[in-house]
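# Structural overview
So the chains spell out like this:
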Amino acid sequence: MKCVMCKSKLAKSSVNHIVDYNGRIIIIKNVPANVCGQCGEYYIDNDTAMRLEEVVSDLLNNKAEILVLNYSEMVA
Ligand SMILES: [Zn+2]
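What counts as what
- Residues numbered from 1 in each chain as written.
- Predicted model: local features only at pLDDT ≥ 70, side-chain atom pairs only at ≥ 80, totals over all residues.
- Pairing = 2+ DSSP bridges.
- Helix = DSSP H or I, 4+ residues; strand = E, 2+ residues; numbered from the N terminus.
- Core = buried A, V, L, I, M, F, W, Y, C linked by C-beta atoms within 7 Å.
- Buried ≥ 20, exposed ≤ 12 C-beta atoms within 10 Å, placed from the backbone.
- pLDDT = per-residue confidence, 0-100.

### Regarding the pairing of strand β2 (residues 24–36)
As defined by bridge partners, strand β1 (residues 10–21) adjoins β2 across 11 bridges and the pair is classed as antiparallel. Looking at the pairing, Asp-20 lines up with Ile-25 of β2. Inspection of the sheet shows β2 paired to strand β4 (residues 66–70) by five bridges, in the parallel sense. By the bridge assignment for β4, Ile-27 is matched with Val-68.

As structure tokens, this is what we get:
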């Protein structure tokens, strides 16, 4: 798998994924992803992305404008 932006190699790592959902910012830390060593672009696989979507939709009941979560705690 290669970076779409710069064609460099990707390495498995974890990232802080930031979602801007209608002006509400949700930060999810320690999300497993394939990260480009060159430009820092990252790619989250489908399973992880689906899990993130579930979590984000759960959070919409919460009125906070900024939320910070830790992915490794969510999937435990
Ligand atoms: Zn890149």
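### What to know about the nonpolar core
Ile-26, Ile-28, Val-31, Ala-33 and Tyr-71 form the largest nonpolar core, which has five residues in total. When residues of this core are assigned to their parent elements, the largest contribution, four residues, is made by β2.

### Notes on the confidence of the model for the protein chain
Confidence in the prediction of the protein chain, expressed as mean pLDDT, is 92, and 97% of residues score 70 or more. Per-residue pLDDT, averaged within each element of the protein chain, yields its smallest value for helix α2 (residues 71–74) (88) and its largest for strand β3 (residues 42–43) (97).

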